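Structural overview
What follows is each chain in one-letter form.
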Amino acid sequence: MNQPVKTSVLHHTGVITLDRPKALNSLNHEMVRLIAAALDEWRDDAAVEQVIIHSSGKHFCAGGDVRAARDGVVEGRAEEVDAYFAEEYAMNLDISTYPKPYTALASGVIMGGGLGVSAHGSHLVVTEDAFASMPEMSIGFITDVGMSHRLQNLPKHPSAALGTFLALTGYRLSADDMLATGLATHKVASLDGLVERIAAEGLGVLDEVALEAGESELAGFFDAVEGVFVGSWPEISQRLDSAPPELAQLVEKLTAQASPSALVASSELMVANSSLDLAQSLENERALGAVMSREPDFAEGVRAVLIDKTNDANFAAAPEPEHYRRVLRHVG
């Protein structure tokens, strides 16, 4: 059986190749362990000067394998699911603190766990057709893999409100949106041969092949989300009633199939993590994720979106924010 992650060393570059194309490279427990092991092996290896992660196919990574997580919870193996998420989040933190350049080359889908293995590195290179999203609200889960922190601290537009907007709506960032926020460092016409060129010539190649940034549609909402996407979901919902119509209409469209509980929980997570570092934020994600994965909306959301693909989830009414707030660490 082929391994879903292949690793090799090219010149002085450690190369990680995601190779589970039929599942759009969704990260399962084995993949997380293989990536973590490679990073651990290369960390203190003087022969490896940098790391590149890419995929073998058109799409980079569609997220974590939440279907397997759902199966685990439904079958009474919730502790195994907790362990999977804990190891994935530890890997995300490891990437963010890695002592060598870590470059992700991504085309097509970059969702959920795909952002976890790309957005925390030193370089994220995207093609023109790439798009990124955190769509967890539709499956009754939370914004995780460290993105509850990263989205609030984007290099070119750090903003708790923007981060919360992106987390709660699952807005799909285009390549130019990613450049405008600093989520991506470079946009290129093609990834063909780029691994080999970087390995042979160094990261300076990226500046040579980079395309000029185009117009970002997301940038048009920067001002509108400020002052609206702050606080609890009930507070945000109330402010949307008097928000600019184009923002209110967009949010209504993007959250139409969202779990009410996930919206409430993720809002609390974003507030708590707005003043925490990545390690602390990941710990909050782990604690809250353990609660969410055991609630009915997670099993129902994954069924409707990923198993039956009917998008007809029958979600429960949302509890009060305090239900989720109590499990989160806040500053002070």
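Residues numbered from 1 in each chain as written. Predicted model: local features only at pLDDT ≥ 70, side-chain atom pairs only at ≥ 80, totals over all residues. Heavy atoms only, no water.

By the naming in an unreviewed UniProt entry, the protein chain is 3-hydroxyisobutyryl-CoA hydrolase, taken from Corynebacterium lipophiloflavum. Listed in UniProt under the heading Catalytic activity (unreviewed entry), the comment for the protein chain reads: "3-hydroxy-2-methylpropanoyl-CoA + H2O = 3-hydroxy-2-methylpropanoate + CoA + H(+)". (UniProt positions renumbered as here; feature names shortened; annotations may be inferred.)

Summing up its helical and strand segments, the protein chain has 16 helices and 9 strands in all. Expected size for 332 residues packed as a compact globule is a radius of gyration near 20 Å; at 19 Å, the protein chain falls within 12% of this value. When its C-alpha atoms are laid out on the principal axes, the protein chain stretches across 55 × 45 × 45 Å. Within the protein chain, the proportion of its 332 residues that are buried is 54%. (Helix = DSSP H or I, 4+ residues; strand = E, 2+ residues; numbered from the N terminus. Rg over C-alpha atoms; globule rule 2.2 N^0.38 Å. Buried < 20%, exposed > 50% of the residue type's maximum accessible area, 1.4 Å probe, protein only.)

Our focus in this paragraph is helix H15 (residues 296-307). The end-to-end C-alpha separation of H15 is 15 Å, in line with the 16 Å expected for 12 residues at 1.5 Å each. Among the residues of H15, Asp 297, Phe 298, Glu 300, Gly 301, Val 302, Arg 303 and Ala 304 are the ones counted as buried. Elements that come into contact with the buried residues of H15 comprise helix H2 (66-74), helix H13 (260-273) and helix H14 (278-293). (Expected span 1.5 Å × (residues − 1). Contact = heavy atoms within 4.5 Å.)

A few words on the sheet that holds strand S7 (residues 131-133). Across the sheet, which stays open at both edges, the 3 strands sit in the order S5-S7-S8 with mixed pairing between neighbours. Single-partner strands in this sheet number two, and they are strand S5 (109-111) and strand S8 (173-174). Relative to S7, S5 is paired through 3 bridges, and the arrangement is parallel. Bridged to Met 111 within S7 is Ser 133. (Pairing = 2+ DSSP bridges.)

Within strand S3 (residues 50-55), 6 of the 6 residues are buried, which leaves it mostly tucked inside the rest of the structure. With 6 bridges connecting them, strand S2 (residues 13-18) and S3 associate as parallel partners. Within the sheet, the bridge partner assigned to Thr 13 lies in S3 and is Gln 50. Handedness of the S2-helix H1 (residues 29-43)-S3 crossover: right-handed. In the sheet, S3 pairs with strand S4 (residues 102-106) via 3 bridges, with the strands oriented parallel. Within the sheet, the bridge partner assigned to Val 51 lies in S4 and is Tyr 102. (Right-handed = clockwise from strand over helix to strand, strands pointing away.)

Before going further, it helps to spend a moment on the packing of aromatic side chains. Applying the stated criterion to the full structure yields 6 aromatic pairs. Residues Phe 141 and Phe 298 carry aromatic rings whose centres are separated by 5.4 Å and whose planes lie at 45 degrees to one another, so their mutual orientation is tilted. Placement of Phe 141 in the loop between S7 and helix H5 (147-150) and of Phe 298 in helix H15 is noted, with a sequence separation of 157 residues between them. Phe 298 gets classed as buried once you look at its relative accessible area, which sits at 1%. When the ring of Phe 165 is compared with that of Tyr 171, the centres are 5.7 Å apart and the planes differ by 45 degrees; the resulting orientation is tilted. Comparing Phe 165 with Tyr 171 shows no difference in burial state: the two are buried. Within the aromatic cluster, the residues linked to one another by ring pairs are Tyr 84, Phe 85, Tyr 89, Phe 141 and Phe 298. (Phe/Tyr/Trp six-rings, centres within 6.5 Å; stacked < 30°, edge-to-face > 60°.)

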